[in-house]
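This is what each chain is made of:
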Amino acid sequence: MDKYANLPFNYGRAASYAILIKNVGNGTARSPIEMADVLPNGLTYVSYSATNWTCTASGQTVTCTYKGPDISPGGALPTLIINVIIATVDKFPAGTDTVRNCAEVRYGNDVNPGNNSSCVTATVTRSGAAG
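Keep in mind that this is a model prediction, so the values were computed, not measured.

Cut-offs applied
Residues numbered from 1 in each chain as written. Predicted model: local features only at pLDDT ≥ 70, side-chain atom pairs only at ≥ 80, totals over all residues. Heavy atoms only, no water. Salt bridge = Lys/Arg side-chain N within 4 Å of Asp/Glu carboxyl O. Helix = DSSP H or I, 4+ residues; strand = E, 2+ residues; numbered from the N terminus. Buried < 20%, exposed > 50% of the residue type's maximum accessible area, 1.4 Å probe, protein only. Disulfide = S-S within 2.5 Å. Phe/Tyr/Trp six-rings, centres within 6.5 Å; stacked < 30°, edge-to-face > 60°. Lys NZ or Arg CZ within 6 Å of the ring centre and 35° of its normal.

Participant: Explain the pattern of salt bridges to me, and be specific about the residues and the numbers.
Facilitator: Per the stated rule, a full pass over the model turns up four salt bridges. For Lys22, the salt bridge is made with Asp2, and the minimal N-O distance between the two is 2.7 Å. With Lys22 in the loop between strand 3 (14-20) and strand 4 (33-38) and Asp2 in strand 1 (residues 2-6), this residue pair connects regions lying 20 residues apart in the sequence. The exposure class assigned to Asp2 is partly exposed, which follows from its relative accessible area of 23%. Residue Arg106 is joined to Glu34 by a salt bridge in which the shortest nitrogen-to-oxygen separation is 3.5 Å. With Arg106 in strand 9 (residues 98-106) and Glu34 in strand 4, this pair connects stretches of sequence that are 72 residues apart.

See below:
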């Protein structure tokens, strides 16, 4: 699993994360496959985009389920985009200008769960500021 922050991350603006889940094992990964993403404080889930995925949010936890074709060894699921809004600077958690966000695949038949999570850290800046 690989997770990327689609930069820039600016206070009070929209941002997104891209999540790519690959089958690096020797067996077929059978649908459905679930992914959980706990957003850090200061980010609010807005929407998602991806083929064969559905996502819901409860508080800071975004849960997405892939219900498309099974994935052969070496294959990948369609890239999942999680769209968020970043709090304004006065509402952002005090003491930091960075957000670390992790996502995790939950798949019951996985024989190698050690590669099922990925984290990314992004620096949040004021619009137009370098960073």
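Participant: Explain the state of the cysteines to me, and be specific about the residues and the numbers.
Facilitator: The tally for this structure, following the rule as stated, stands at two disulfides. Disulfide pairing places Cys55 opposite Cys64 at an S-S distance of 2.1 Å. Of note, the bridge from Cys55 to Cys64 carries an S-S torsion of about 110° and is right-handed in sense. For the pair Cys55 and Cys64, a shared accessibility class is recorded, and that class is buried. Across the disulfide from Cys102 sits Cys119; the S-S distance is 2.0 Å. On the sign convention where negative is left-handed, the bridge of Cys102 and Cys119, at about 110° about the S-S bond, is right-handed.

Participant: Outline the packing of aromatic side chains, supporting the account with residue identities and numerical values.
Facilitator: Within the structure shown, the criterion is met by three aromatic pairs. Aromatic pair Phe9 and Tyr17: ring centres 5.4 Å apart, planes at 70°, arrangement edge-to-face. In this pair, the class of Phe9 matches that of Tyr17, namely buried. For the ring pair Tyr11 and Phe92, a centre distance of 5.2 Å and an interplane angle of 85° mean the geometry is edge-to-face. Here Tyr11 is found in the loop between strand 2 (9-10) and strand 3, whereas its partner Phe92 is found in the loop between strand 8 (80-86) and strand 9, with 81 residues between them in sequence. A single burial state applies to Tyr11 and to Phe92, both of which are buried. The residue whose ring lies beneath Lys3 is Tyr17, and the NZ or CZ to ring-centre distance is 4.5 Å.

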